[in-house]
Amino acid sequence: MPDSRFTPSEPPGTEHLFLGNEALVRGCLECGVGFIAQYPGTPTSDIGETYRRVLQEQPRLRDYITHLWSANEAVATSSCAGAAWAGFNALNPMKHVGMNVASDALSVIALNGPNPGGLVCVVGADPGSLGSHQEQNERFYAWMLHMPMIEPASPQECKDWIKVAFLLSRTRDIPVYFRMTTRIAHSRSKVTLGKFTLPERKMGRFERNPAKFCSLPPYAIDNHIRLYHRIERISREIPSLELNKIVPGDATTGIITSGVPFGYTIEALHQLERDDIPVLKLGMTYPLHEKEIVEFLHDLDSVIIVEELEPFLEVDVARIAQAYGLQVEMHGSDIFPKHGEFNIGLVTTCLARVLGEEPSQRIARARELHDGYKAIIPSRFPTFCPGCPERAMLMEIKKATGNLTDPPTIIAGDIGCYVMGIMPPLKVSDFIICMSGGLSAAIGMSKKVSEKIIALIGDSTLMHTGLPVLADAVANDANVLLVVFDNRWVAMTGHQPPAGKGKLSIKALCNAMGVTWLKVVDPFNVDETIGAIGKALTMDGLKVIICQRECALMASRVMDRERRELQSQDKQYGRRSYQIYNCVMCEKCSELLSCPAIRRTVDEFDNPVMKIDEDRCTGCGVCAQVCPHGRIKTTIIHPHLDAQLKIRRIEQEYDRK
């Protein structure tokens with residue numbers, strides 16, 4: 001059954017529970033979005049996942065709506081521009097660091113404009129680095145690219161304002177920057193539906209117009225001038241969009257904020273019992289409507305800017321205040337941290353300091369409880385799933401290199417699940433930059449150091465930006481061993497298929513690009529893999545080892561599905577079980593692998609033992625291969641057969657009674 005929240009038959013005005021990302025998709029279905037392209041990245045991955053599910057459940061929508069997983073953000077952005085130039089509304093979701101990749105294309109697309117269609121870039125920011133390798137404040141791209149930026153503060157605003165964004169994009173011929181954060185994307189609340197609207201047509205048409213679409217001299221300067229005209233017009237029209245609002249108050253200190261910090265601010269003022277503070281909530285944070293800012297500041301002695309990360313709003317508000325000669329004391333980055341994600345307690349404490357108030361006992365008690373629970377809950381490092389092939393491969397790299405000292409070896413890390421290798425006990429990866437940055441840095445380093453260098457990269461990252469780097473490594477004869485983790489999924493962001501899955505062969509691509517030494521290994525064959533790594537390190541030049549084994553999570557789901565199918569047909573099936581017998585407590589299995597399925601416990605005599613949790617074990621068998629004393633054994637068990645025998649024994653016992 002299709003999810004009724006995304007169907008045309010669900011009547012307008014009804015309420016449903018939505019995540020912020022889901023509400024945004026519903027808004028797109030209400031304004032006729034016909035094309036979506038993205039590279040998956042937290043916190044926006046489930047926008048694409050939701051679209052994929054909607055199109056699977058309602059096949060007739062595929063005649064009007066196209067969703068693509070792209071190789072990278074620049075490809076996705078340009079694909080969306082192409083669809084917009086054919087007359088469609090195009091949605092381009094990405095994570096905050098994806099803007100770095102997309103900006104090259106967007107710098108030109110913003111000049112050209114998306115008309116006759118519309119283009120909205122949904123950017124998922126990540127204050128606090130909740131799902132990213134850094135918390136870059138990408139809002140400054142709005143300044144550089146002259147893209148109007150809208151920041152919703154609730155799932156309802158996600159749904160309603162994405163429609164405003166597309167209307168603005170189509171009517172003003174400009175891409176719109178729709179900025180969400182992890183907290184908004186993944187928060188949940190009730191949302192009131194509007195009317196479901198399909199695109200007007202299935203296929204579009206491109207009209208040639210070199211002056212608009214070819215931003216080269218002399219057209220580039222003309223388009224740049226036209227872009228200024230467009231953004232200035234939007235600035236004048238901001239009040240009519242009804243995105244900004246004022247929470248009234250008669251105090252001489254006011255607050256300007258937007259997005260998630262608005263919610264924190266209102267709750268903080270409630271805790272401080274300062275309902276007299278006026279608050280200007282900005283829905284559009286670039287450009288600003290100068291008259292609106294001036295009118296808000298005019299009767300204030302001081303203003304507080306509440307925003308996460310670097311002072312983006314603060315700088316622009318200060319500029320306006322100075323330009324209009326307003327003598328208003330301004331606070332923001334001087335009292336709020338420029339790093340990390342905000343919360344109610346932090347905002348309350350910071351506001352209390354500048355307002356001369358004391359946080360309530362409720363806030364103090366909440367912080368006390370929070371700190372108390374932090375002390376109780378044991379901390380642990382992020383780790384790989386049980387049976388992860390990447391854990392096995394990193395362990396084998398360490399064994400092949402004598403714990404990275406024999407021969408001395410540098411590990412060039414990259415972005416993917418394998419970043420968790422930096423944590424104990426593996427402690428693998430000496431530096432991490434960005435997608436395919438590991439191999440890039442390894443090329444230069446290989447020319448200036450005598451150590452061996454192993455660069456890591458995932459199959460999706462290789463397709464994202466890695467192929468040009470691979471070509472460079474071949475062309476410059478980099479003395480590097482490249483390990484490609486071919487786990488067949490974009491595992492870190494939700495198991496989307498990597499670009500070219502089922503159509504492109506990594507081995508064939510490497511050979512075609514001039515790689516002369518290449519080996520495909522299964523990391524679950526420990527000795528063979530260690531031997532391949534050792535041999536590669538004895539050779540000069542570029543070497544490639546493809547670590548080929550499916551992501552354990554996805555493989556387990558397939559096996560579980562097959563087992564359920566056999567069970568429903570009353571057929572037997574077997575599975576491999578691993579157990580530890582007569583453990584000597586050398587703890588090498590834990591020290592080398594740190595697999596969550598292996599744990600230290602005590603037996604019935606309170607003697608310490610290592611135990612394998614059968615509910616978590618995937619049966620990869622790597623632990624049995626690394627146990628130096630051969631104490632981990634395997635057996636084939638038939639759980640379905642065992643269950644049938646147990647049922648028969650129960651029935652027989654009942655009959656006897």
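What counts and how
Residues numbered from 1 in each chain as written. Predicted model: local features only at pLDDT ≥ 70, side-chain atom pairs only at ≥ 80, totals over all residues. Heavy atoms only, no water. Domains from an automatic or database assignment. Contact = heavy atoms within 4.5 Å. Buried area = accessible area lost by both parts, 1.4 Å probe. Salt bridge = Lys/Arg side-chain N within 4 Å of Asp/Glu carboxyl O. Pairing = 2+ DSSP bridges. Helix = DSSP H or I, 4+ residues; strand = E, 2+ residues; numbered from the N terminus. Axes fitted to C-alpha atoms, helices over the stretch in contact; angles between N-to-C directions. Expected span 1.5 Å × (residues − 1). Bend = angle between axes of the 7 residues up to and from the residue. Buried < 20%, exposed > 50% of the residue type's maximum accessible area, 1.4 Å probe, protein only. Phe/Tyr/Trp six-rings, centres within 6.5 Å; stacked < 30°, edge-to-face > 60°. Lys NZ or Arg CZ within 6 Å of the ring centre and 35° of its normal.

Draft legend 1. Just the domain arrangement of the protein, in detail. Taken domain by domain, the protein consists of domain 1 (4-241), domain 2 (246-376), domain 3 (389-553) and domain 4 (572-645). Centre-to-centre separation of domain 3 and domain 4, based on C-alpha positions: 29 Å. Contacts between the two partners involve 11 residues from domain 3 and, on the opposite side, 11 residues from domain 4. A buried area of about 880 Å², summed over both sides, lies between domain 3 and domain 4, and 68% of it is on carbon and sulfur atoms. Where domain 3 touches domain 4, the interface holds zero salt bridges.

Draft legend 2. How the structure looks around the sheet that holds strand β13 (residues 302-306). If you walk across this open sheet you meet the five strands as β9-β11-β10-β13-β14, and the pairing is mixed. Of all the strands in the sheet, just β9 (245-247) and β14 (329-331) have a single pairing partner and so form its edges. Strand-to-strand twist across the sheet, computed as the mean angle between neighbouring axes with direction ignored, equals 20°. In this sheet, β13 lies alongside strand β10 (residues 253-258) in parallel orientation, the contact comprising five bridges. Counterpart to Ile256 in the pairing with β13 is Ile305. In the packing of helix α10 (residues 259-271) onto the sheet, the strands contacted are β9, β10, β11 (279-282) and β13, and the crossing angle to β10 comes to about 145°.

Draft legend 3. Broad picture of the pairing of strand β22 (residues 608-612). As defined by bridge partners, strand β21 (residues 598-602) adjoins β22 across five bridges and the pair is classed as antiparallel. Paired with Thr601 across the bridge in β22 is Val609. Turn length for the β21-β22 hairpin, with the two strands adjacent in sequence and antiparallel, is five residues, and the turn residue Asp606 shows positive phi of about 65°.

Draft legend 4. Examining helix α6 (residues 155-172) more closely. The end-to-end C-alpha separation of α6 is 25 Å, in line with the 26 Å expected for 18 residues at 1.5 Å each. Maximal helix bending in α6 amounts to about 25°, located at Trp161. All of the buried residues in α6 are Pro155, Glu157, Cys158, Lys159, Trp161, Ile162, Val164, Ala165, Phe166, Leu168, Ser169 and Arg172. Asp173 occupies a position one or two residues after α6 and carries a positive phi of about 55°.

Draft legend 5. Focus on the packing of aromatic side chains. With the rule as written, the count across this model stands at eight aromatic pairs. Residues Phe6 and Phe18 carry aromatic rings whose centres are separated by 5.7 Å and whose planes lie at 90° to one another, so their mutual orientation is edge-to-face. Remark: Phe18 occurs in strand β1 (residues 15-19) and Phe6 occurs in the segment before β1; sequence separation between them is 12 residues. Comparing Phe6 with Phe18 shows no difference in burial state: the two are buried. Judged by centre distance (5.3 Å) and plane angle (80°), the rings of Phe140 and Phe312 are edge-to-face. Residue Phe140 is found in helix α5 (residues 140-145), and its partner Phe312 is found in helix α12 (residues 312-323); the two are separated by 172 residues along the sequence. Residue Phe140 is classed as partly exposed on the basis of its relative accessible area, which comes to 29%. Aromatic rings pair up to connect Trp85, Phe206 and Phe213 into one cluster. A cation over an aromatic ring shows up here: Arg201 above the ring of Phe88, its NZ or CZ 5.5 Å from the ring centre.

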